[in-house]
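Coordinates in review
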Amino acid sequence: MDGIAIELPLFLLATFAGAFVAGLSGFAFGLVAASLWLYVLTPLQSASLIVGFGLLVQGYSVWKLRSALDWHRLWPFIVGAIIGVPAGVSLLTWADPKSVRIAVGAILIAYSLYAFFRPQLKLAAAMPPTADMTVGFVNGLLGGLTGLAGIVVTIWCNLRGLPRDAQRATFQPVAVVVFAMAAFWLGAKGSLTSDTAKLFALGLPFLFAGTWLGLKLFGRIDEATFRKIVLALLFVSGVALLF
């Protein structure tokens, strides 16, 4: 940021907005925040902050939902994600990022519209570990490619019709793993700078305030409303990825 008259307030507003949406829905922090960050930050700064802030937002939310965690359900997703993230990062050396974003955006739009108008379609609530591990792998692969840490697991949980707490207690811990691994890769590549660290410190109060407010509102919505919010955010995420 070359100046602070507009740039810093915009950065802080975007941080708060992204944290609020993530606190309410459990995902989409990066998409919301980066939609404004990229006007005032470099792509590398934006990606680094998405990983750093995203790890804190998801970690805090997982702690708040710790009573709903089911490690028997979680482990296949986590194992798959651990394998998928390095694969996704390695694909960055030859894959066309724009083509990947457009393909993922089209899938998200198609799924969200279909699920909204055909709510009766559901998979079985219980699935074999191999299926969950495959979903976790694809989720990690996409996370390594695009930074979307929990989109695939979110769709999977939505298709299975899991209760809202069970959904968040599944896709958010997986997102924590993806963000943590991405942070390791960024750090290993020397991508973190002192300017990015300063922005991180300045944004922390707004991050926690937005997350707290989003979680408070989450506690007041019912299952049907939560499902509509998730589908709406998946649709918006898909549209954002097309441009």
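Above: the structure in question.
Presented here is an overview of the structure given in this document. (Residues numbered from 1 in each chain as written. Predicted model: local features only at pLDDT ≥ 70, side-chain atom pairs only at ≥ 80, totals over all residues. Heavy atoms only, no water.)

**Quick word on the overall build of the chain**
The cut-off we apply is this: Each helix is a run of H or I in the DSSP string that is no shorter than four residues. Each strand is a run of E no shorter than two, and both are numbered from the N terminus. Only protein chains enter the area calculation, which uses a 1.4 Å probe; residues under 20% of their type maximum are buried, those over 50% are exposed, and those in between are partly exposed. The criterion used for residue contact is that any of the two residues' heavy atoms lie within 4.5 Å. For the area figures, the Shrake-Rupley method with a 1.4 Å probe applies, and any residue is considered shielded solely by the protein chains shown.
A tally of regular secondary structure across the chain gives ten helices and zero strands. Counting from the amino terminus, the chain carries its helices and strands in the arrangement α-α-α-α-α-α-α-α-α-α. Within the chain, the fraction of its 243 residues that count as buried is 48%. Put simply, 83% of the contacts in the chain that link residues at least 6 apart link residues at least 24 apart. A total of about 11,600 Å² of accessible surface is found on the chain, and carbon and sulfur atoms cover 73% of it.

**Some details on helix H10 (residues 223-241)**
Using the following cut-off: For a helix, the expected span equals 1.5 Å multiplied by the residue count minus one.
With 19 residues, H10 should cover 27 Å at 1.5 Å per step; its first-to-last C-alpha distance of 27 Å lies within 8% of that length. Of all the positions in H10, only Phe-226, Ile-229, Val-230, Leu-231, Leu-233, Leu-234, Ser-237, Gly-238 and Leu-241 are classed as buried.

**A few points about the environment of Ala-115**
Along the polypeptide, Ala-115 turns up in helix H5 (residues 97-117). Sequence-distant contacts of Ala-115, that is, excluding residues within four places in its chain, are made with Arg-227 and Leu-231.

**Topic: a positive patch on the surface**
To keep things clear, this is the line we draw: To count toward a patch, a residue needs a relative accessible area above 30% and no salt bridge. Like charges then connect within 9 Å, nonpolar side chains (Val, Leu, Ile, Met, Phe, Trp, Tyr) within 5 Å. A side-chain nitrogen of Lys or Arg and a carboxyl oxygen of Asp or Glu constitute a salt bridge if their distance falls within 4 Å. Only four residue types enter the charge count: Lys and Arg as positive, Asp and Glu as negative, with His and the chain ends excluded. Note that the charge is assigned to NZ on lysines, CZ on arginines, CG on aspartates and CD on glutamates.
On the surface, a cluster of positive charge is contributed by Lys-64, Arg-66, Lys-216 and Arg-220. Tracing the sequence through the fold places Lys-64 in helix H3 (residues 43-64). Accessibility expressed as a relative area gives 47% for Lys-64, which makes it partly exposed.

**Quick look at the side chain of Ser-25**
Looking at the secondary structure, you find Ser-25 in helix H1 (residues 7-25). Under the relative-accessibility criterion, Ser-25 is labelled buried at 0%. Ser-25 has contacts with Arg-168, Phe-171, Phe-226, Ile-229 and Leu-233, leaving out every residue within four places of it along the chain.

**Things to note about the nonpolar core**
Selection criterion: To define a nonpolar core, start from buried Ala, Val, Leu, Ile, Met, Phe, Trp, Tyr and Cys residues and group those joined through side-chain atoms within 4.5 Å.
Among the nonpolar cores identified, the biggest contains 69 residues, and Phe-11, Phe-27, Phe-29, Trp-37 and Leu-234 are the most heavily contacted of them. At ten residues, helix H8 (residues 164-188) tops the list of elements feeding residues into this core. Every residue in contact with Phe-29, bar those within four places of it in the chain, is listed here: Thr-15, Gly-18, Ala-19, Ala-22, Trp-37, Leu-49, Ile-50, Phe-53, Gly-54, Val-57 and Leu-207.

**Describing the packing of aromatic side chains**
For clarity, the threshold we go by: Centres within 6.5 Å are what make two rings of Phe, Tyr or Trp a pair, Trp counting through its six-membered ring; a difference in plane orientation under 30 degrees is then read as stacked, over 60 as edge-to-face, and the rest as tilted.
Enumeration according to the criterion identifies seven aromatic pairs in this entry. Plain terms: the ring middles of Tyr-60 and Phe-208 are 6.5 Å apart, the flat faces sit at 75° to each other, and that makes the pair edge-to-face. Taken as a pair, Tyr-60 in helix H3 and Phe-208 in helix H9 (residues 194-218) lie far apart in primary sequence, 148 residues in all. Assessed through its relative accessible area of 38%, Phe-208 is described here as partly exposed.

**Examining the pattern of salt bridges**
Should the charged atoms of two oppositely charged side chains come close, the side chains can pair. Under the defined criterion, the tally for this structure stands at three salt bridges. Arg-164 is the partner of Asp-165 in a salt bridge, and the nearest nitrogen-oxygen pair spans 3.8 Å.

**Quick look at the packing of helix H7 (residues 151-159) against H10**
The axes of two packed helices give the description: the angle between them and the distance between them. Inclusion rule: Working convention: axes come from line fits to C-alpha atoms, limited for helices to the stretch in contact. Angles between N-to-C directions cover 0 to 180 degrees. In these notes the angle categories are as follows: under 35 degrees is roughly parallel, over 145 is roughly antiparallel, 65 to 115 is roughly perpendicular, and the rest is oblique. Each helix crossing is assigned a hand: it is left-handed if the near helix lies turned anticlockwise from the far helix by less than a right angle, otherwise right-handed if that turn is clockwise. Side-chain classes are defined by residue name, with Ala, Val, Leu, Ile, Met, Phe, Trp, Tyr, Cys and Pro counting as nonpolar, Asp, Glu, Lys and Arg as charged, and the others, Gly among them, as polar.
Where H7 meets H10, the closest approach of the two axes is 11 Å, and the angle between their N-to-C directions is 140°. Considering their axes alone, H7 and H10 lie oblique with respect to each other. By crossing handedness, the relation of H7 to H10 is classed as left-handed. Of the residues in H10, those touching H7 at Ile-151, Thr-154, Ile-155 and Asn-158 are Arg-227, Val-230, Leu-231 and Leu-234. Its residues assigned to classes, the contact of H7 with H10 comprises five nonpolar, two polar and one charged.

**Some thoughts on helix H2 (residues 29-40)**
Note the following rule: The reported arc concerns the directions from the helix axis to the C-beta atoms and nothing else.
Between its terminal C-alpha atoms H2 stretches 17 Å, which fits the 16 Å expected from twelve residues at 1.5 Å a residue. When H2 is considered as a whole, its buried residues turn out to be Phe-29, Gly-30, Ala-33, Ala-34, Trp-37 and Val-40. For H2, the angular spread of buried residues about the axis comes to 110°, placing them on one side. Buried positions along H2 lie against H1, H3 and H9.

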